[in-house]
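# Examination of the molecular architecture
Residue-level listing of the chains:
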Amino acid sequence: MDIRHYLDSTYLKTAAQAGLTEAENREVVKKVVQEAIDENFRLVMVRPDMAAMAKEMIVAAGSAVTVGTVIDFPQGNNPLESKLAEAEAAISDGADDLDFVLDYEKFKSEGGNAIKKQVLECTRVGLAHGKIVKWIIEVAALNEHEIVQLSALIKNVVLTHFEESDYSRVFVKSSTGFYKTEEGKPNGATLPAIKLMLENAFPLAVKAAGGVRTYDEAVEMISLGVKRIGTSSAKAIAEGEEGSGGY
Ligand SMILES: O=C[C@H](O)COP(=O)(O)O
């Protein structure tokens, strides 16, 4: 197994979050994209305003690396129309994967029926354009029951409305990596959460993202059935080292 084929190398910091100027942050993104090309990672994941540049670099290099971007990141609480508009823009910019943040707060306060439409409509747009669609459920904000419910809800929407050949193009993804938890609590993928997602989202795919730092952690998740690892430590993981979670 070549772990690089599972790695979505991720850089999602804004310039302000990175403590850089816009121009400096753009240079970091270029470095991350070039690294993904050199390492032949499965995908490079960047903010929407960097997706077109990433795609251009990859096409110019004749590389098979794909480009992903996040939609309604990191809170997922904008209206459906806004999610759809962001998705259309990302598609025009050449994104191959659309990682939508689900409105998990709405789900928590209003229940599953309140978010079914966004899952259906956004998934429909992505799949209609031949894209891969991922739903970030933000496991750190959910209890176990909610992780089970949301994984099953996304699965049921897909199984009810789309063809069997589409199932592998829809993922349930654990985390944005940006959720603020109490001191000491993990804000990303944990093994128990990933197991619940795998059990309840099948036959949809699962992406583990947020806090994955080592080769061993990544391999363990892949051996359980995870199809992608989203990480800002992709190079370290590929080299069998422990990453520090940043560039
Ligand atoms: O979607 C991916 C996450 O942002 C990656 O999280 P990380 O920075 O903790 O590796």
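Each remark here, short or long, concerns the structure printed above.
Residues numbered from 1 in each chain as written. Predicted model: local features only at pLDDT ≥ 70, side-chain atom pairs only at ≥ 80, totals over all residues. Heavy atoms only, no water.

## Here's the deal with the packing of helix α6 (residues 116-128) against helix α7 (residues 144-161)
Relative orientation of the contacting elements α6 and α7 amounts to 50°, with a least axis distance of 10 Å. Taken together, the axis directions place α6 and α7 in an arrangement best described as oblique. In this structure, α6 crosses over α7, and the sense of that crossing is right-handed. Seen from α6, the contacting residues are K116, V119, L120 and T123; seen from α7, they are L153, I154, V157, V158 and H161. Among the residues forming the contact of α6 with α7, the class breakdown is 6 nonpolar, 2 polar and 1 charged. (Axes fitted to C-alpha atoms, helices over the stretch in contact; angles between N-to-C directions. Helix = DSSP H or I, 4+ residues; strand = E, 2+ residues; numbered from the N terminus. Parallel < 35°, antiparallel > 145°, perpendicular 65-115°, else oblique. Left-handed = near helix turned anticlockwise from the far one by under 90°. Contact = heavy atoms within 4.5 Å. Nonpolar A, V, L, I, M, F, W, Y, C, P; charged D, E, K, R; others polar.)

## Considerations on the packing of helix α2 (residues 22-39) against helix α3 (residues 51-61)
Look at α2 against α3: their axes get within 10 Å of each other, and the N-to-C directions meet at 35°. Taken as a pair, α2 and α3 cross one another with a handedness that is right-handed. On the side of α2, the interface is formed by R26, V29, K30, V33, Q34 and I37, while α3 contributes M53, A54, M57, I58 and A61. Here the residues of the contact of α2 with α3 are counted per class, giving 8 nonpolar, 1 polar and 2 charged.

## Things to note about the sheet that holds strand β2 (residues 43-46)
Within a sheet, adjacent strands bond to each other through the backbone by hydrogen bonds, running parallel or antiparallel. The strand order β1-β2-β3-β4-β5-β6-β7-β8 describes a closed barrel built from 8 strands, whose pairing is parallel. The sheet shows a mean angle of 25° between the axes of neighbouring strands, direction not considered. As paired elements, strand β3 (residues 66-71) and strand β4 (residues 97-101) share 4 bridges and run parallel to each other. Considered in β4, the bridge of V70 is made with D99. (Pairing = 2+ DSSP bridges.)

## Let's talk about the packing of aromatic side chains
Summed over the entire model, instances satisfying the criterion amount to 3 aromatic pairs. For the ring pair F73 and F178, a centre distance of 5.2 Å and an interplane angle of 80° mean the geometry is edge-to-face. In this pair, F73 is assigned in the loop between β3 and α4 (80-92) and F178 in the loop between β6 (170-173) and α8 (191-201), connecting sequence segments 105 residues apart. For F73, a relative accessible area of 14% gives the class buried. A residue is classified by how much of its surface remains accessible, and F178, at 23% relative accessible area, is partly exposed. Centre to centre, the rings of Y104 and Y179 are 6.2 Å apart; their planes meet at 75°, and the pair counts as edge-to-face. Here Y179 lies in the loop between β6 and α8 and Y104 lies in helix α5 (residues 104-110), a separation of 75 residues in the sequence. (Phe/Tyr/Trp six-rings, centres within 6.5 Å; stacked < 30°, edge-to-face > 60°. Buried < 20%, exposed > 50% of the residue type's maximum accessible area, 1.4 Å probe, protein only.)

Read these as layout, nothing more, since geometry by itself doesn't imply function.
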